[in-house]
Amino acid sequence: MNLNPFLEKPKKLESCIMSWKDLAPKSYNKLEVSPYTRVRCILMNGTEYESVWFGHNFSRHALDNDLRRTIALVRRNEQQQQKLISSLKPLDENLLETTIGYEQLAVDLTAFLAQNVKDKNVKAALDFALLEDFDHLYRYANLLETDMGAKAESYVGGYTEITPGRPTISHHRHPYDSIKKPIDNKKATLFDKCAVQIITAAEQQTMNYYMNLGGFYKNQKGRELYTEIGMVEEQHVSQYGSLIDPNPSWFEMCLMHEYVECYLYYSMLNDESDPNIKKIWEMLFEQELAHLHASLANLRKYEKKDWSDVIPDGTFPELIKLQSNIDYVRKVLKNTVNNTAQREDYIDLNKLDDGDNFFKYQNKVNKTPEKEAGHQVIVEHIKKFGKDYRFETKPNPIKELQDRTVDNFTLGRKKSN
């Protein structure tokens, strides 16, 4: 039975501050650890990043210095949590190996959420971006074997297929088409409210990782791939962020942020297989309880509201579980590979008017599609090995994507009629 964190007794906020020793944990072994342990670390790193920057923005919009001091104390601990989690990555895990984990997280977290949300617009957004992150995993996996001679299947543990999705070149859309209809917190399920917060933070972490570290890749081909996919992640963050209800107050938003963190750490704790990291999730969950109750105290003091005014039933919804979703991803790929975005909706590319913003934007950014980075990564792999790199349980469900000696860069981008 899931718990209600508002009914738990928290530790004192000051006691959450950690020493330098606490921030230097034993890293996981990249050759032995479960792929989903690596993925959990990436997810919680992104969650803490989101929390830190929300805290900065909240403080910049607050007038009361006592309130800002409380926010600063919580934020300092959130920064420590982020540093601790980041340190779990071993020194011998390089930029591209970590990237494979980022994209496995994007695929399997998105698939899990899509199968459990109730809001049809949220599900449509998740299914849509799922195929794009799925294709990103394929592009990076081909770069990995070309540049390092390593096979990405050893990093994903056979849980996630590596095969083309909607081709990356087809992902580039006008910014207007990334903005969707927000959920209504008064009507949405608690799981749906948590889901839009979680996926926004996760995709934001990926966007920031590619923005800041992509330029450090060892060759120009890889740098260009990170640039291209980093721009797609900007679209995903815009899309997912637009789903969040913009109406709650800063205090209500803060309470929801802390609630989601508690929910995630509790989920990670219950899902974790590594004993050492499981203890870390437990410790950080206890710290987040203190953050949640500090936020609740502010809500009561400044707005005279209680937690039940924001989250009527505080009991955690179904816990997040990271697991294989091969069949689900295949089904979405088979049914929606040719979709693109159009304002608040998703539409089959063949139904767009020739003058639609999608085509205008594509003609600006993809003037020489045969030279586009995501396409060239596959071309280079085919030149070197005779075919692309894949890890499939059976042939790709899309006929146009089954040929391993050529990369398709028109599907989802050019009309077929």
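It should be noted that the structure appears before, not after, this text.
Figured I'd write up the structure that's included with this text. Model, not experiment: these values are computed from the prediction.

1. Digging into the overall build of the protein
Moving on, step 1. For the protein, the helix and strand inventory stands at 13 helices and 2 strands.
Moving on, step 2. Against the globule reference of 22 Å for 417 residues, the protein gives a C-alpha radius of gyration of 22 Å, in line with a compact fold.
Moving on, step 3. If one aligns the C-alpha atoms of the protein with their principal axes, the spans along those axes are about 60 × 45 × 40 Å.
Moving on, step 4. Here the protein holds 417 residues, and 59% of them are scored as buried.
Moving on, step 5. Residue pairs in contact within the protein that sit at least 24 positions apart in sequence constitute 85% of those at least 6 positions apart.
Moving on, step 6. Here the protein holds 56 positive side-chain charges and 61 negative ones, and the gap between their average locations is 2 Å.

2. Considering empty space enclosed by the protein
Moving on, step 1. Using the criterion set out here, one finds 4 cavities of 30 Å³ or more in the structure.
Moving on, step 2. A volume near 120 Å³ is recorded for the largest cavity.
Moving on, step 3. For the largest cavity, the lining is made up of 14 residues, of which Gly55, Ile71, Val74, Cys254 and Glu258 are closest to its centre.
Moving on, step 4. Those elements that place two or more of their residues in the lining of the largest cavity are helix H1 (35-60), helix H2 (65-86), helix H8 (250-271) and helix H9 (275-303).
Moving on, step 5. Ranked by residue count, the leading element in the lining of the largest cavity is H2, at 5 residues.
Moving on, step 6. Taken together, the residues of the lining of the largest cavity break down into 5 nonpolar, 6 polar and 3 charged.
Moving on, step 7. Space inside the second largest cavity adds up to approximately 80 Å³.
Moving on, step 8. Taken together, Thr47, Glu50, Ser51, Gln197, Ile198, Ala201, His257, Val260, Glu261 and Leu264 make up the lining of the second largest cavity.
Moving on, step 9. Within the residue set of the lining of the second largest cavity, elements represented by two or more residues are H1, helix H6 (190-213) and H8.
Moving on, step 10. Among the elements that line the lining of the second largest cavity, the one with the most residues is H8, at 4 residues.

3. A look at unusual backbone geometry
Moving on, step 1. The backbone phi angle of Lys304 is positive, close to 55°, even though this residue is not glycine.
Moving on, step 2. Here Lys304 lies in the loop between H9 and helix H10 (307-310).
Moving on, step 3. One non-glycine residue, Arg343, adopts positive backbone phi at about 50°.
Moving on, step 4. Locating Arg343 in the fold gives a position in the loop between strand E1 (339-342) and strand E2 (345-348).
Moving on, step 5. Among the residues examined, Arg343 registers a relative accessible area of 44% and is labelled partly exposed.

4. Considerations on the environment of Val52
Moving on, step 1. Looking at the element boundaries, Val52 is found in helix H1.
Moving on, step 2. Those residues within four positions of Val52 in sequence are excluded, and the remaining contacts are Arg75, Glu78 and Gln79.

5. Observations concerning the pattern of salt bridges
Moving on, step 1. Using the criterion set out here, one finds 22 salt bridges in the structure.
Moving on, step 2. A salt bridge links Asp127 to Lys123; the shortest N-O distance between them is 3.1 Å. Taken as a pair, Asp127 and Lys123 lie in helix H4 (residues 120-148) at a separation of 4 residues, close to a single helical turn.
Moving on, step 3. Taking relative accessible area as the criterion, Asp127 reaches 13% and is therefore assigned buried.

6. Re the environment of Pro25
Moving on, step 1. Here Pro25 is to be found in the segment before H1.
Moving on, step 2. Discounting chain neighbours no more than four positions away, the residues touching Pro25 are Leu84, Ser87, Leu88 and Ile280.

7. A short note on H9
Moving on, step 1. The first and last C-alpha atoms of H9 sit 41 Å apart over 29 residues, in line with the 42 Å expected at 1.5 Å per residue.
Moving on, step 2. Residue Asp274 occupies the N-cap position of H9, its side-chain oxygen lying 3.0 Å from the main-chain nitrogen of Asn276.
Moving on, step 3. Directly after H9, the chain includes Lys304, whose backbone phi takes a positive value near 55°.

8. Remarks on the side chain of Gln287
Moving on, step 1. Structurally, the position occupied by Gln287 is in helix H9.
Moving on, step 2. Other than its neighbours up to four places away in sequence, Gln287 contacts Lys11, Cys16, Met18, Asn77 and Gln81.

9. Focus: the packing of aromatic side chains
Moving on, step 1. On inspection of all chains with the given rule, the structure shows 24 aromatic pairs.
Moving on, step 2. With a centroid separation of 5.6 Å and 10° between ring planes, the pair formed by Phe58 and Trp250 is classed as stacked. Of this pair, Phe58 sits in helix H1 while Trp250 sits in helix H8; the two residues are 192 residues apart in sequence, bridging distant segments of the chain.
Moving on, step 3. We classify Phe58 as buried; its relative accessible area is 3%.

Criteria and cut-off values
- Residues numbered from 1 in each chain as written.
- Predicted model: local features only at pLDDT ≥ 70, side-chain atom pairs only at ≥ 80, totals over all residues.
- Heavy atoms only, no water.
- Helix = DSSP H or I, 4+ residues; strand = E, 2+ residues; numbered from the N terminus.
- Rg over C-alpha atoms; globule rule 2.2 N^0.38 Å.
- Buried < 20%, exposed > 50% of the residue type's maximum accessible area, 1.4 Å probe, protein only.
- Contact = heavy atoms within 4.5 Å.
- Lys, Arg positive; Asp, Glu negative; His and termini not counted.
- Charge placed at Lys NZ, Arg CZ, Asp CG, Glu CD.
- 1 Å grid on protein atoms, 1.4 Å probe; cavity = no way out; pocket = protein on both sides within 12 Å on 5 of 7 lines; lining within 4 Å.
- Points joined across faces, edges and corners; volume = space filled by probe spheres on them.
- Nonpolar A, V, L, I, M, F, W, Y, C, P; charged D, E, K, R; others polar.
- Salt bridge = Lys/Arg side-chain N within 4 Å of Asp/Glu carboxyl O.
- Expected span 1.5 Å × (residues − 1).
- Polar contact = N/O pair within 3.5 Å; in protein donor to acceptor, adjacent residues only side chain to side chain.
- Phe/Tyr/Trp six-rings, centres within 6.5 Å; stacked < 30°, edge-to-face > 60°.

Interpretation in functional terms is not warranted from these geometric data alone.
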